[in-house]
Amino acid sequence: MSKLKVLLFDVDGTLADTEADGHRIAFNKAFSEAGLDWHWSVELYGQLLAVTGGKERIQYYVNDFLETFTVNGGLAEFATELHQRKTHFYLEMLQQGEIPLRPGVERLLKEAREAGVRMGIATTTTPANVTYLLTSTLGAESIDWFEVIAAGDIVPAKKPAPDIFEYALQKMNVTPEETLAFEDSLNGFRSSTGAGLKTLVTVNGYTRDDDFSGASIVLDKLGDREDPFTVLAGDANSHTYVSVEMLRDLFSRD
Ligand code: XBP
Ligand code: MG
């Protein structure tokens, strides 16, 4: 049985609840600026999250949800330019402090650092979205808490493909057997388990009813001493919030 040495975190939905009140708002601002009569509601956006990657999600929407839409110069180029404006609006929201970390995230990151547990990030989102989120919530020095920030187009295939987690493992020179992944969605869970990683899931509003069979444990949040988590699947033993001690216990039992 390997010892737990590394924590690999997803970002959107895991470190922060970014989708419905963050990315979705930024997409709609970009559509409005471009003069498009598109509006992604919370409900529609939940369907569009089936596709990871903002550029890919725009193309999915055009191809699968619009009757007709034509654009000069090709859809991929159009989506890329529109996505650049969406990222601009999203970064503005982050800079204004509009997107907080989820409960327990700051505490666990600091605990892991103090305990000498190595950390990395494996996400589909645009790299700048990660550094701006960390800077706006924990300060710019927090970027260095992670040995690798594997994000966006750095790999050929986005989640649910395992590529981004495999890239992070390779950059950190660690094995799946000594690493625990943190995810929030089925696409992310399939990616982390596809890379051979034990995975702790913290669900969000969009993913609460998804089937995470095979996860080490499924929780509603990481929680804190005075704000305990709810276990949705798995065995937390006597623990009531996610701590380094709990993770080591979970990892040894799984
Ligand atoms: C979630 C995603 C991303 C975000 C939007 O990433 O699939 O596409 O929804 O960010 P993860 P971009 O859960 O892996 O962090 O528009 O920059 O893609
Ligand atoms: Mg996610």
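Just so we're clear, the structure is a prediction, and the values are computed from it rather than from any experiment. (Residues numbered from 1 in each chain as written. Chains lettered and ligands numbered in written order. Predicted model: local features only at pLDDT ≥ 70, side-chain atom pairs only at ≥ 80, totals over all residues. Heavy atoms only, no water.)

**Some words on the sheet that holds strand β1 (residues 6-9)**
Step number 1: Judged by pairing direction, the sheet is mixed, and its seven strands sit side by side in the order β3-β2-β1-β4-β5-β6-β7 without closing on themselves. Of all strands in the sheet, those with a lone pairing partner are β3 (149-151) and β7 (231-233), marking the two edges. The sheet shows a mean angle of 25° between the axes of neighbouring strands, taken without regard to direction.
Step number 2: With four bridges connecting them, strand β4 (residues 179-183) and strand β5 (residues 198-202) associate as parallel partners. When the bridges of β5 are listed, Phe182 appears paired with Leu200. (Pairing = 2+ DSSP bridges. Helix = DSSP H or I, 4+ residues; strand = E, 2+ residues; numbered from the N terminus. Axes fitted to C-alpha atoms, helices over the stretch in contact; angles between N-to-C directions.)

**With respect to unusual backbone geometry**
Step number 1: Backbone torsion omega between Lys159 and Pro160 reads 15°, so that peptide bond is classified as cis.
Step number 2: With respect to the element layout, Pro160 can be found in the loop between β3 and α7 (163-172).
Step number 3: With a phi close to 60°, Asn237 is a non-glycine residue in the positive phi region.
Step number 4: Tracing the backbone through its elements, the reader meets Asn237 in the loop between β7 and α9 (244-253).
Step number 5: In this structure Asn237 comes out as partly exposed when scored by relative accessible area, which is 48%. (Buried < 20%, exposed > 50% of the residue type's maximum accessible area, 1.4 Å probe, protein only.)

**Brief notes about the side chain of Ser185**
Step number 1: Its place among the elements puts Ser185 in the loop between β4 and α8 (186-194).
Step number 2: Within the structure, Ser185 has its side chain in polar contact with the backbone nitrogen of Gly188 (distance 3.0 Å). (Polar contact = N/O pair within 3.5 Å; in protein donor to acceptor, adjacent residues only side chain to side chain.)

**Topic: the pattern of salt bridges**
Step number 1: Counted according to the given criterion, the structure contains 14 salt bridges.
Step number 2: Taking the shortest distance from any N to any O, the salt bridge between Arg107 and Glu111 comes out at 2.9 Å. With Arg107 and Glu111 both in helix α5 (residues 105-114), this residue pair falls four residues apart, about one helical turn.
Step number 3: For Arg107, a relative accessible area of 22% puts it in the partly exposed group.
Step number 4: Given the relative accessible area of 23%, Glu111 is considered partly exposed.
Step number 5: Taken together, the salt bridges that share partners define one network made up of Lys55, Glu56, Asp153 and Lys158. (Salt bridge = Lys/Arg side-chain N within 4 Å of Asp/Glu carboxyl O.)

**Focus: the nonpolar core**
Step number 1: By size, the foremost hydrophobic cluster in this structure holds 59 residues, and its most contacted members are Leu7 and Leu247.
Step number 2: Ranked by the residues each element gives to this core, the list is headed by helix α4 (residues 75-95), at nine residues.
Step number 3: Setting aside its immediate chain neighbours within four residues, Leu247 contacts Leu4, Leu7, Leu108, Leu180, Phe182, Leu200 and Val242.
Step number 4: Within the second largest apolar cluster, 15 residues are counted, among which are Val6, Leu8, Val148 and Ala181. (Core = buried A, V, L, I, M, F, W, Y, C linked by side-chain atoms within 4.5 Å. Contact = heavy atoms within 4.5 Å.)

**Comments concerning the side chain of Arg102**
Step number 1: Following the sequence through the fold, Arg102 ends up in the loop between α4 and α5.
Step number 2: Comment: no salt bridge for buried Arg102; closest opposite-charge side chain is Asp17, at 5.2 Å.
Step number 3: A polar side-chain atom of Arg102 sits 3.3 Å from the main-chain carbonyl oxygen of Thr202.
Step number 4: When neighbours within four sequence positions are excluded, Arg102 is seen to be in contact with Gly13, Thr14, Leu15, Ala16, Asp17, Thr202, Val203, Asn204, Asp220 and Lys221. (Lys, Arg positive; Asp, Glu negative; His and termini not counted.)

**Considerations on the site of ligand 1**
Step number 1: Neighbouring ligand 1 are 18 residues, the closest being Glu19, Gly54, His83, Thr123 and Thr126.
Step number 2: Gly53 is positioned such that a nitrogen or oxygen atom in its backbone is 2.9 Å from an oxygen atom of ligand 1.
Step number 3: Within the side chain of Thr126, one N or O atom sits 2.6 Å away from an oxygen atom of ligand 1.
Step number 4: Look at ligand 1: alone it shows 450 Å² of surface, and the protein chains cover 96% of it.
Step number 5: Going through the elements one at a time, α1 (19-33), α3 (54-65) and α4 are the ones with two or more residues in the shell around ligand 1. (Near = heavy atom within 4 Å. Areas by Shrake-Rupley, 256 points an atom, 1.4 Å probe, with all protein chains shown as cover.)

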